[in-house]
Amino acid sequence: MRSYDGKHLIAVSADKPLFLFANLEFACIHCCPSFGALEPGQEGTANGKFLVSPNTTRDELRDRLETLWA
């Protein structure tokens, strides 16, 4: 997603993403992680990342996310 001023790209990611969605009315983006199949009483964890990157392209931001998750 690009910032309102057009100077930054914003991205969200999860280590095990299930889906990504945006609520453009409120300018928010969400990356819903997958916890897999959990039995009652089991716990799951997920990690997420939120990046704000000035003066970059989508490809550069994608490459940065891939590097962070590697």
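Structure's up top.
Colleague: Teacher, can you tell me more about the pairing of strand E1 (residues 8-14) here?
Modeller: Moving residue by residue along a regular strand, the side chains alternate between the two faces of the sheet. Most of E1 is tucked away: six of the seven residues are buried. One ladder, built from seven bridges, connects E1 with strand E4 (residues 48-54); its direction is antiparallel. Among the inter-strand pairings, Leu-9 is bridged to a residue of E4, identified as Ser-53.

Colleague: In this structure, what is going on with the nonpolar core? I would like to understand it.
Modeller: Most often, soluble globular proteins keep nonpolar side chains buried together rather than apart. One finds Leu-9, Ala-11, Leu-51, Leu-61 and Leu-65 forming the largest nonpolar core, which totals five residues. Of all elements in the fold, only E1 and helix H1 (58-69) reach the threshold of two or more residues within this core. Those residues in contact with Leu-61 that sit more than four places away from it in its chain are Leu-9, Ile-10, Ala-11, Leu-51, Ser-53 and Thr-56.

Colleague: Is there a simple way to think about the packing of aromatic side chains in this case?
Modeller: How two aromatic rings sit relative to each other is set out by the distance from centre to centre and by the angle between their planes. Evaluation of the coordinates by the stated rule reveals one aromatic pair. Note on Phe-19 and Phe-21: the rings are 5.7 Å apart at their centroids and 35° apart in plane angle, and the pair reads as tilted. Residue classification places Phe-19 among the partly exposed positions, given a relative accessible area of 41%. In this structure, Lys-49 packs its charged tip against the face of Trp-69, placed 4.5 Å from the ring centre.

The rules we used
Residues numbered from 1 in each chain as written. Predicted model: local features only at pLDDT ≥ 70, side-chain atom pairs only at ≥ 80, totals over all residues. Heavy atoms only, no water. Buried < 20%, exposed > 50% of the residue type's maximum accessible area, 1.4 Å probe, protein only. Helix = DSSP H or I, 4+ residues; strand = E, 2+ residues; numbered from the N terminus. Pairing = 2+ DSSP bridges. Core = buried A, V, L, I, M, F, W, Y, C linked by side-chain atoms within 4.5 Å. Contact = heavy atoms within 4.5 Å. Phe/Tyr/Trp six-rings, centres within 6.5 Å; stacked < 30°, edge-to-face > 60°. Lys NZ or Arg CZ within 6 Å of the ring centre and 35° of its normal.

So yeah, pure geometry; function would need other evidence.
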